[in-house]
Amino acid sequence: RWPYDPSERTREIAGTLGEIRGEIVDASSEVWFHNGLDIVGGYGETARFIRDETVLDPNAVENFETLRELIRMPTVGYIHIRLGRDSSGKTFADPRFQFNVTDGKLTDVRVPRGTRFSAGEAIGTLNPMNHVHLIAGRPGAEMNALDALVLPGVSDSIPPVIENVGVFDENWTPIETDSRERRIRISGKTRLMVRAYDRKDGNAERRRLAPYKVSYSISS
């Protein structure tokens, strides 16, 4: 289960489930949770289905000729793919991808409901985003795509880095001590905020991935 060939080649992970996207600057700022796994590839590289699935949504394809072109299967989704065509825009010899042509130019693509794809078959090629955004799970019930993959040659010996821990009351008022030596005392509903990141072996130094799990304990 891997979206590229050869499957044994180690790939960099550029984003994981649950990472915050966007930044809160003021009341109008928009942020959201990343809902997939970003697996790095090269521009124009062929992306492949990771499992057998049948298209059930009559509008399974969206955002044609944009950076967010995608196909959504019942339990898996693929974003940043130039569906059914290569990096030059030439279409695959695959009738399952049905293209609309206006004045000699491709204007849209659809994949009919009931179309079946098998693991390993080509979806299309990577657009300038240079990665597959892989969504695992049904819409609204996404899961960590790492659990859906058999990862070739992957190891992780780099511990996560915790940059900051904040303690707040239920109204988001910070709870702090007078000095670094004193303990924080809490009562009532309390919010904990952690700023942390992780990397796996082989990731570039600049990568800041979401930790898989964060836990805490309370001492009395």
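Residues numbered from 1 in each chain as written. Predicted model: local features only at pLDDT ≥ 70, side-chain atom pairs only at ≥ 80, totals over all residues. Heavy atoms only, no water.

Trainee: Which residues make up the sheet that holds strand S10 (residues 81–83), and what values do they have?
Mentor: Sheet architecture is open: three strands sit in the order S5-S14-S10, paired in antiparallel fashion. Each edge of the open sheet carries a strand with a single partner, namely strand S5 (46–48) and S10. Sheet twist, expressed as the mean angle between neighbouring strand axes with direction ignored, is 45°. Summarising the sheet, S5 and strand S14 (residues 122–126) pair through three bridges and their orientation is antiparallel. Paired with Ala47 across the strands is Gly124, a residue of S14. (Pairing = 2+ DSSP bridges. Helix = DSSP H or I, 4+ residues; strand = E, 2+ residues; numbered from the N terminus. Axes fitted to C-alpha atoms, helices over the stretch in contact; angles between N-to-C directions.)

Trainee: So what's going on with the packing of aromatic side chains? Which residues, and what values?
Mentor: As enumerated under the stated definition, the model contains four aromatic pairs in all. Centre to centre, the rings of Phe49 and Tyr78 are 5.4 Å apart; their planes meet at 85°, and the pair counts as edge-to-face. Of the two residues, Phe49 is situated in the loop between S5 and strand S6 (53–54) and Tyr78 in strand S9 (residues 76–79); the sequence distance between them amounts to 29 residues. For Phe49, a relative accessible area of 2% gives the class buried. An aromatic cluster is built from Phe49, Tyr78, Phe97 and Phe117, whose rings are joined through pairwise contacts. The ring of Tyr197 has Arg208 lying over it, and the distance from NZ or CZ to the ring centre is 4.1 Å. (Phe/Tyr/Trp six-rings, centres within 6.5 Å; stacked < 30°, edge-to-face > 60°. Buried < 20%, exposed > 50% of the residue type's maximum accessible area, 1.4 Å probe, protein only. Lys NZ or Arg CZ within 6 Å of the ring centre and 35° of its normal.)

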